[in-house]
Structures are given as C-alpha cells and as structure tokens.
Amino acid sequence: MDYKKSNAPLNTVTRDLVELAEDTGNVYETVCIMAKRANQIAAEMRHDLEKKLQEFASLNDSLEEVSENREQIEISRYYEKLPKPTLIATQEFIDGKLYYRNPTKDRSSLD
C-alpha cells in the first residue's frame, strides 16, 4: 500500500484493543502484527526520504559552507506531516488490508 495515499488520521486516536483483536483472538498477536507492519512502513519511508535527499547532497561539503536548501526543507516538512507509521499500520489492519499468518497455528492445524 502506498503510505502517501493513506486515509490514516494525522493525530493519535484511542482504540479499543479488544475490538481490534477480534480477528486474531489475541491482543498481543494483533499488536505484533501492527508493529511489524509499522516497522516496514517506517523503513520504506526512511528509504524514500534518503533517496530524495541524496539528489541534493553535494560532494564538497565543508563545515563552514553548509547551506540550507529550500527543496530539502520542503521534502523534510512533507514527510514530517505524513501520518506516523503506527497510525498507517493500524488503519491498514482495521481496513483489512494486511495479510498475516501465524506459522505455529498453521503447523498445528496440519497435525
């Protein structure tokens, strides 16, 4: 899913974890699923931001001549205004857009 087009809220929202855990039947498992997805989203966002900022990096940086680049500042502000990865992951879970499986449960069902 594209995190830039997410309909996740920008501010923290209180959620009922018991209600969220109805799909898995386990609050801890639900939180782990959302946490793993949030880590994936954060890594993707970090990679995209670094890639965009690399375009503006100069090879001759010296401590005296560090100049602020307006485009760099705008890109950084854009990423700061995006919803946090945990909010995006939670919204994806609520919307049913996450695929997850528990290998231990899969293994026990085969026996």
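Only a predicted model underlies this, so the values are computations on that prediction, with no experimental measurement involved.

I keep staring at a negative patch on the surface and nothing clicks. Help me out?
A contiguous patch of negative charge on the surface is contributed by Asp 16, Glu 19, Glu 22 and Asp 23. Counting through the fold element by element, Asp 16 comes out in the segment before helix 1 (17-20). Residue class for Asp 16 comes out partly exposed when judged on its relative accessible area of 45%.

Help me out: how do you make sense of a nonpolar patch on the surface in this one?
A cluster of nonpolar side chains, Leu 17, Val 18, Val 27 and Val 31, forms an exposed patch at the surface whose accessible area comes to about 300 Å². The set of elements that each furnish at least two residues to the nonpolar patch consists of helix 1 and helix 2 (27-54). Along the chain, Val 31 falls in helix 2. For Val 31, a relative accessible area of 36% gives the class partly exposed.

I would appreciate a short explanation of the layout of surface pockets in the present structure.
Where empty space is left can be seen by rolling a probe of water-molecule size over the atoms. Of the volumes computed, that of the largest pocket is approximately 370 Å³. If you go around the largest pocket, the residues you meet are Glu 29, Cys 32, Ile 33, Lys 36, Arg 37, Gln 40, Leu 98, Tyr 99, Tyr 100, Arg 101, Asn 102 and Pro 103. When residues of the lining of the largest pocket are assigned to their parent elements, the largest contribution, 6 residues, is made by helix 2. When the residues that make up the lining of the largest pocket are grouped by side-chain class, the tally is 6 nonpolar, 2 polar and 4 charged.

So what exactly am I meant to see when it comes to the nonpolar core here?
Side chains of nonpolar character tend, in soluble globular proteins, to be buried together. Grouped together as the largest cluster of nonpolar side chains are 11 residues: Tyr 3, Ala 8, Ala 38, Ile 41, Met 45, Ile 75, Tyr 79, Leu 82, Leu 87, Ile 88 and Ala 89. Those elements that provide at least two residues to this core are helix 2, helix 3 (70-81) and helix 4 (85-95). Sequence-distant contacts of Leu 87, defined by excluding residues within four places in its chain, comprise Ala 8, Pro 9, Leu 10, Asn 11, Thr 12 and Val 13.

When you look at the packing of helix 2 against helix 3 in this model, what are you seeing that I'm missing?
Their axes nearest at 10 Å, the elements helix 2 and helix 3 cross at an angle of 170 degrees. Between helix 2 and helix 3, the angle falls in the class roughly antiparallel. On helix 3, the residues that touch Met 45, Asp 48, Leu 49, Lys 52 and Leu 53 of helix 2 are Gln 72, Ile 75, Ser 76 and Tyr 79. The residue makeup of the contact of helix 2 with helix 3, split by class, is 5 nonpolar, 2 polar and 2 charged.

What am I meant to see in the packing of aromatic side chains here?
Aromatic rings in a pair are described by how distant their centres are and how their planes are angled relative to each other. Inspection of the entire model under this criterion finds 2 aromatic pairs. Their ring planes at 90 degrees and their centres at 5.5 Å tell us that Tyr 78 and Tyr 79 sit as a pair that is edge-to-face.

Would you explain the pattern of salt bridges in this entry?
Where side chains of opposite charge bring their charged atoms close, a pairing between them can arise. Enumeration according to the criterion identifies 2 salt bridges in this entry. Here Arg 37 makes a salt bridge to Glu 92, at a shortest N to O gap of 2.7 Å. Residue Arg 37 is found in helix 2, and its partner Glu 92 is found in helix 4; the two are separated by 55 residues along the sequence. Comparing Arg 37 with Glu 92, the two get one shared label, buried.

Conventions and cut-offs
- Residues numbered from 1 in each chain as written.
- Predicted model: local features only at pLDDT ≥ 70, side-chain atom pairs only at ≥ 80, totals over all residues.
- Heavy atoms only, no water.
- Patch = residues over 30% accessible without salt bridge, like charges linked within 9 Å, V, L, I, M, F, W, Y side chains within 5 Å.
- Areas by Shrake-Rupley, 256 points an atom, 1.4 Å probe, with all protein chains shown as cover.
- Salt bridge = Lys/Arg side-chain N within 4 Å of Asp/Glu carboxyl O.
- Lys, Arg positive; Asp, Glu negative; His and termini not counted.
- Charge placed at Lys NZ, Arg CZ, Asp CG, Glu CD.
- Helix = DSSP H or I, 4+ residues; strand = E, 2+ residues; numbered from the N terminus.
- Buried < 20%, exposed > 50% of the residue type's maximum accessible area, 1.4 Å probe, protein only.
- 1 Å grid on protein atoms, 1.4 Å probe; cavity = no way out; pocket = protein on both sides within 12 Å on 5 of 7 lines; lining within 4 Å.
- Points joined across faces, edges and corners; volume = space filled by probe spheres on them.
- Nonpolar A, V, L, I, M, F, W, Y, C, P; charged D, E, K, R; others polar.
- Core = buried A, V, L, I, M, F, W, Y, C linked by side-chain atoms within 4.5 Å.
- Contact = heavy atoms within 4.5 Å.
- Axes fitted to C-alpha atoms, helices over the stretch in contact; angles between N-to-C directions.
- Parallel < 35°, antiparallel > 145°, perpendicular 65-115°, else oblique.
- Phe/Tyr/Trp six-rings, centres within 6.5 Å; stacked < 30°, edge-to-face > 60°.

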